[in-house]
Amino acid sequence: MKDHDAIKLFVGQIPRNLEESDLKPLFEEFGKIYELTVLKDRFTGMHKGCAFLTYCARDSALKAQSALHEQKTLPGMNRPIQVKPADSEGRGDRKLFVGMLGKQQSEDDVRRLFEPFGQIEECTILRGPDGASKGCAFVKYGSHAEAQAAINSLHGSQTMPGASSSLVVKFADTDKERTLRRMHQMAGQLGIFNPMTIQFGAYGAYTQAIMQQQAALMAAAQGTCLNPMAAIAAAQMQQMAAFNVSGLVAAPMTPSSGTSTPPGISTAPVPSIATPIGVNGFSPLPPQTNGQPASETIYTNGIHPYPAQSPTVADPLQQAYAGMQHYAGPAAYPAAYAPISQAFHQQAPIIPQQQREGPEGCNLFIYHLPQEFGDAELMQMFLPFGNVISAKVFVDRATNQSKCFGFVSFDNPTSAQAAIQAMNGFQIGMKRLKVQLKRPKDANRPY
DNA sequence: TTATATT
């Protein structure tokens, strides 16, 4: 039998003409073999040039590893033999994520920092496409214990030059965690988990503006397809369907259902949800008298009540923006119309974002966001102005609470300007948004 | 009140 703590070894760089019987003598030198299996292709039966090897004794495995691994090259091979614990042995987490590094720190710098705690198998600085450090790295040790020792000693131990907070040292995400995080991110971009916007239409008149816009598009698409516009609209139907789940347009597009409300979203009548002032500072409209379910009631934009009336596509443009509140006077109106025309050529930005920042002049800083706005809500708010390549709300890392400001990046400056024109000063509850170009990193230096 | 990032 084999030891309870036996190690399964992976053996690589084996000539394909050697079978188990040929290999056995070579490895028996270090102890009694419990199991030796050459890996074969499951369909063709072809020798894969590697094997799994388990000794009866753990000690035999360790001896074989130190004597053979990278130590000799088998006939016909041009790389030395590999003898090391199989991946399946899972020696526990030993890979670390390191954050809050200085952007100028090299792999060598990081190695020097982590060397005292163990054997480093791998050290990689994460870099953007331009090669610039992202201020974080992966460091892999030979064992879990070494990795843990590094965490204990280094996490929070110092603040690197140029970093905004002390060094972060933690176990890296597993593949599963990474996949989950990606999925969650995508779901957020599709607006699937957006109770606020589904129930209330978080930003009142603005929401209505978008809903009207969508309604107009739908009407065009459903009408007689004899004109080019309708054809275009029809071509956008699939994209529209994506929008339909986005919460912003869920209410008008699921007429009088009430049963299609996503799980976890209350369908209780409005008065039980919203106080006269509204939970979020929004005032509810007077009850509708046309038989619409309460859950589809439209909310107004703060102080100024929007006239209660059924949605109509008769004059969607004018009606859509009637409730917008701006610092600017009538001059704001042309800008307010821009989103509607631009919405047509929008490519659904549901492809995962790899880019955080857009070109110069395309990145906006937004302040006075509602506390409950997340990345998805921020993105939805700015979608009508163009291709949003990134929308990020700054959250406090300790409390996970929004700091009520964020960043939105477009792929072109015109969209960014349109967004500023339409959304700067936009009133939400008691606050008005501040929307301006993001300050360049090197600006505002006193000297 | 101007980016805490995951090969």
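Residues numbered from 1 in each chain as written. Chains lettered and ligands numbered in written order. Predicted model: local features only at pLDDT ≥ 70, side-chain atom pairs only at ≥ 80, totals over all residues. Heavy atoms only, no water.

Draft legend 1. Representation of the overall build of chain A. If you tally the helices and strands in chain A, you get 15 helices and 14 strands. The burial tally for chain A puts 42% of its 447 residues in the buried class. Expressed as a percentage of contacts within chain A between residues at least 6 apart in sequence, the contacts between residues at least 24 apart total 64%. About 24,100 Å² of surface is accessible on chain A, with carbon and sulfur atoms providing 56% of the total. (Helix = DSSP H or I, 4+ residues; strand = E, 2+ residues; numbered from the N terminus. Buried < 20%, exposed > 50% of the residue type's maximum accessible area, 1.4 Å probe, protein only. Contact = heavy atoms within 4.5 Å. Areas by Shrake-Rupley, 256 points an atom, 1.4 Å probe, with all protein chains shown as cover.)

Draft legend 2. Inspection of the sheet that holds strand β5 (residues 95–99) at higher detail. Ordered by their spatial adjacency, four strands build an open sheet running β6-β7-β5-β8, and the pairing between neighbours is antiparallel. Where the open sheet ends on each side, the last strands, each with one partner, are β6 (120–127) and β8 (168–171). Pairs of neighbouring strands in the sheet enclose a mean axial angle of 20°, with direction left out of account. For β5 and strand β7 (residues 133–141), the ladder comprises four bridges, and the chain directions are antiparallel. From the neighbouring strand, Phe97 faces β7, where its bridge partner is Phe138. (Pairing = 2+ DSSP bridges. Axes fitted to C-alpha atoms, helices over the stretch in contact; angles between N-to-C directions.)

Draft legend 3. Examining the protein's contact with DNA strand B more closely. The immediate surroundings of DNA strand B are formed by 31 residues, with Lys95, Met100, Glu122, Ser165 and Arg397 found nearest. Restricting the count to atoms of DNA strand B within 4 Å of the protein gives a sugar and phosphate share of 29%. Take Ser165: an N or O atom from its side chain is 2.7 Å from a base oxygen of DNA strand B. Every element with two or more residues in the surface near DNA strand B is listed here: β5, β6, β7, α5 (175–190), β9 (363–367), β10 (388–395) and β11 (402–410). With four residues, the top contributor of residues to the surface near DNA strand B is β7. Residues that form the surface near DNA strand B fall into these classes: eleven nonpolar, six polar and 14 charged. (Near = heavy atom within 4 Å. Polar contact = N/O pair within 3.5 Å; in protein donor to acceptor, adjacent residues only side chain to side chain. Nonpolar A, V, L, I, M, F, W, Y, C, P; charged D, E, K, R; others polar.)

Draft legend 4. Layout of helix α1 (residues 20–28). Among the residues making up α1, those that are buried are Leu23, Leu26 and Phe27. Looking down the long axis of α1, one finds its buried residues gathered within 90° of arc, a one-sided arrangement. Taken together, the buried residues of α1 touch β1 (8–12), β2 (33–40), β3 (47–55), α2 (58–68) and β4 (82–85). (Arc of directions from axis to C-beta.)

Draft legend 5. Representation of the sheet that holds β4 within the structure. Spatially, four strands are ordered β2-β3-β1-β4 in an open sheet, and the strand pairing comes out antiparallel. Strands at the two margins of the open sheet, each flanked by one partner only, are β2 and β4. Each neighbouring strand pair of the sheet contributes to a mean axis angle of 25°, computed without reference to strand direction. The sheet contact formed by β1 and β4 spans four bridges and is antiparallel.

Draft legend 6. Expanded view of the pattern of salt bridges. Scanning all chains against the criterion turns up seven salt bridges. Salt-bridge contacts for Lys392 lead to Asp375; the nearest nitrogen and oxygen are separated by 3.1 Å. Linking Lys392 in strand β10 with Asp375 in helix α14 (residues 375–382), this pair joins segments that are 17 residues apart in sequence. For Lys392, a relative accessible area of 35% translates into the label partly exposed. (Salt bridge = Lys/Arg side-chain N within 4 Å of Asp/Glu carboxyl O.)

Draft legend 7. Representation of the confidence of the model for chain A. This prediction gives chain A a mean pLDDT of 71; 60% of its residues lie at or above 70. Across residues 193–204, where pLDDT falls below 50, the model places 46 contacts with residues more than four positions away in sequence or in other chains. (pLDDT = per-residue confidence, 0-100.)

Draft legend 8. The packing of aromatic side chains, seen in detail. Going through the model one piece at a time under the given rule, you end up with nine aromatic pairs. Seen from their ring centres, Phe10 and Phe52 are 6.2 Å apart, and the 65° between their planes marks the pair as edge-to-face. Taken together, the residues span a long stretch of sequence, with Phe10 in strand β1 and Phe52 in strand β3 at a distance of 42 residues. By relative accessible area, which is 24% here, Phe10 ends up partly exposed. On the basis of an interplanar angle of 65° and a centroid distance of 5.9 Å, the ring pair of Phe97 and Phe138 is categorised as edge-to-face. Within this pair, whereas Phe97 is found in strand β5, its partner Phe138 is found in strand β7, the two being separated by 41 residues in sequence. In this structure Phe97 comes out as partly exposed when scored by relative accessible area, which is 25%. One aromatic cluster is present, built from ring pairs that chain together Phe365, Tyr367, Phe394, Phe405 and Phe407. Directly above the aromatic system of Tyr34 lies the positively charged group of Lys2, at a separation of 5.7 Å from the ring centroid. (Phe/Tyr/Trp six-rings, centres within 6.5 Å; stacked < 30°, edge-to-face > 60°. Lys NZ or Arg CZ within 6 Å of the ring centre and 35° of its normal.)

Draft legend 9. Up close: the environment of Phe365. Turning to its location among the elements, Phe365 is positioned in strand β9. According to the relative accessible area criterion, Phe365 is partly exposed, its value standing at 21%. Taking the C-alpha atoms as reference points, Phe365 and Leu437, 72 residues apart in sequence, are found 5.7 Å from one another. Those residues in contact with Phe365, other than ones at most four positions away along the chain, are Phe405, Gly406, Phe407, Lys434, Val435, Gln436, Leu437 and Lys438.

Draft legend 10. Fine view of the side chain of Asn363. Here Asn363 lies in strand β9. With relative accessibility at 7%, the residue Asn363 sits in the buried group. Asn363 has contacts with Glu357, Gly358, Val408, Ser409, Gln436, Leu437 and Lys438, leaving out every residue within four places of it along the chain.

Draft legend 11. Fine view of the side chain of Gln105. Residue position: Gln105 is located in the loop between β5 and α3 (107–114). At 2.8 Å, the side chain of Gln105 forms a polar contact with the backbone nitrogen of Gly102. Aside from chain neighbours lying at most four places away, what touches Gln105 is Ile125, Arg127 and Met160.

Draft legend 12. Highlighting the environment of Lys140. As for its placement among the helices and strands, Lys140 is situated in strand β7. Once the C-alpha coordinates of Lys140 and Phe114 are considered, the two residues, 26 residues apart in sequence, prove to be 9.8 Å apart. Look past the residues within four positions of Lys140 in its chain and what remains in contact with it is Arg94, Lys95, Gln119, Ile120, Glu121 and Glu122.

Draft legend 13. Broad picture of the environment of Ala57. Structurally, Ala57 can be placed in the loop between β3 and α2. It is 7.4 Å that separates the C-alpha atoms of Ala57 and Lys32, two residues lying 25 residues apart in sequence.

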